[in-house]
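# Geometric and topological summary
Chain by chain, the residues run as shown.
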Amino acid sequence: MNRRLTSVLASVTFGLAVLSGLAFLGKGASHMLDDGAVCVETGFWANARLSSDGLPVAKGVEASGSLTRLCQESPSVGQRAADLGSGLPWLLFGAIALLLFSRLLTTVLKKGPFTEPVARQLTTLGWVVAAGTPLAGLVVGWSQSWLVGSMAPVVGSGPTVAGPLVLVFAGLAGVILGRIMRDGVRMREDLEGTV
């Protein structure tokens, strides 16, 4: 095991966790104190035909849009909270996951790679990533959906999941590897006890 590389990686991930946490707090505080407009993008009108009035297109050209940007001047408290909900969950999720990964690497340095504490922390990290990814995605997606619905009632709102759900598979792989490591540690301890 390369102790120097593991030590550097543990320090870097801890620093990134702290930066994500500070970004979470800073963005939350600045958004709540900001009195500007709240904006959100929606694909509800994707590929809708736009009128050529006022658009700089040549005769016979059809224009369509993919994303529509909606902005609300003097937003309500609910709209401002939904705007926060569309950005902050991923920062919080990243800070927690990086902090757990840093703790895992620190435990590897202190106890060794194939030990019970490392297996337990790997399983915990896996469950946090597997469960936290869809949870953060649900909060972000539903916040954006509600915000769009509050600005354009015709669109409506409802539960929506946004973000990279492929991380669920990485989390489940961490859970499985943690269980395999735990069984391997127990088998090694049993073998050492019989010798």
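Just so we're clear, the structure is a prediction, and the values are computed from it rather than from any experiment.

## Examining the packing of helix 1 (residues 3-33) against helix 2 (residues 77-85)
- Two numbers describe how helix 1 lies on helix 2: the axes approach to 10 Å, and their chain directions differ by 160°. By the angle between their directions, the pair helix 1 and helix 2 is classed as roughly antiparallel. The hand of the helix 1/helix 2 crossing is right-handed. In this structure, helix 1 uses Lys27, Gly28, His31 and Met32 to contact helix 2, whose residues at the interface are Arg80, Asp83 and Leu84.
- A breakdown of the residues in the contact of helix 1 with helix 2 according to their chemical character gives two nonpolar, two polar and three charged.

## Digging into the confidence of the model for the protein chain
- Overall, the prediction assigns the protein chain a mean pLDDT of 85, with 88% of residues at 70 or greater.
- By mean pLDDT, strand 3 (residues 63-65) is the weakest element of the protein chain at 61, and helix 3 (residues 88-111) is the strongest at 94.

## Digging into the pattern of salt bridges
- Per the stated rule, a full pass over the model turns up three salt bridges.
- Among the ionic pairs, arginine 120 bridges to glutamate 116, the shortest N-O distance being 4.0 Å. Linking arginine 120 with glutamate 116, this pair stays in helix 4 (residues 116-151), spanning four residues, or about one helical turn.
- Its relative accessible area of 21% is what places glutamate 116 among the partly exposed residues.
- Close ionic contact of arginine 186 with aspartate 183 constitutes a salt bridge, the shortest N to O distance being 4.0 Å. Taken together, the residues span about one helical turn, with arginine 186 and aspartate 183 both in helix 5 (residues 167-194) at a distance of three residues.
- Given a relative accessible area of 43%, arginine 186 falls into the partly exposed group.
- Each of Glu116, Arg120 and Arg182 takes part in salt bridges that share partners, so that together they form one network.

Thresholds applied
- Residues numbered from 1 in each chain as written.
- Predicted model: local features only at pLDDT ≥ 70, side-chain atom pairs only at ≥ 80, totals over all residues.
- Heavy atoms only, no water.
- Axes fitted to C-alpha atoms, helices over the stretch in contact; angles between N-to-C directions.
- Helix = DSSP H or I, 4+ residues; strand = E, 2+ residues; numbered from the N terminus.
- Parallel < 35°, antiparallel > 145°, perpendicular 65-115°, else oblique.
- Left-handed = near helix turned anticlockwise from the far one by under 90°.
- Contact = heavy atoms within 4.5 Å.
- Nonpolar A, V, L, I, M, F, W, Y, C, P; charged D, E, K, R; others polar.
- pLDDT = per-residue confidence, 0-100.
- Salt bridge = Lys/Arg side-chain N within 4 Å of Asp/Glu carboxyl O.
- Buried < 20%, exposed > 50% of the residue type's maximum accessible area, 1.4 Å probe, protein only.

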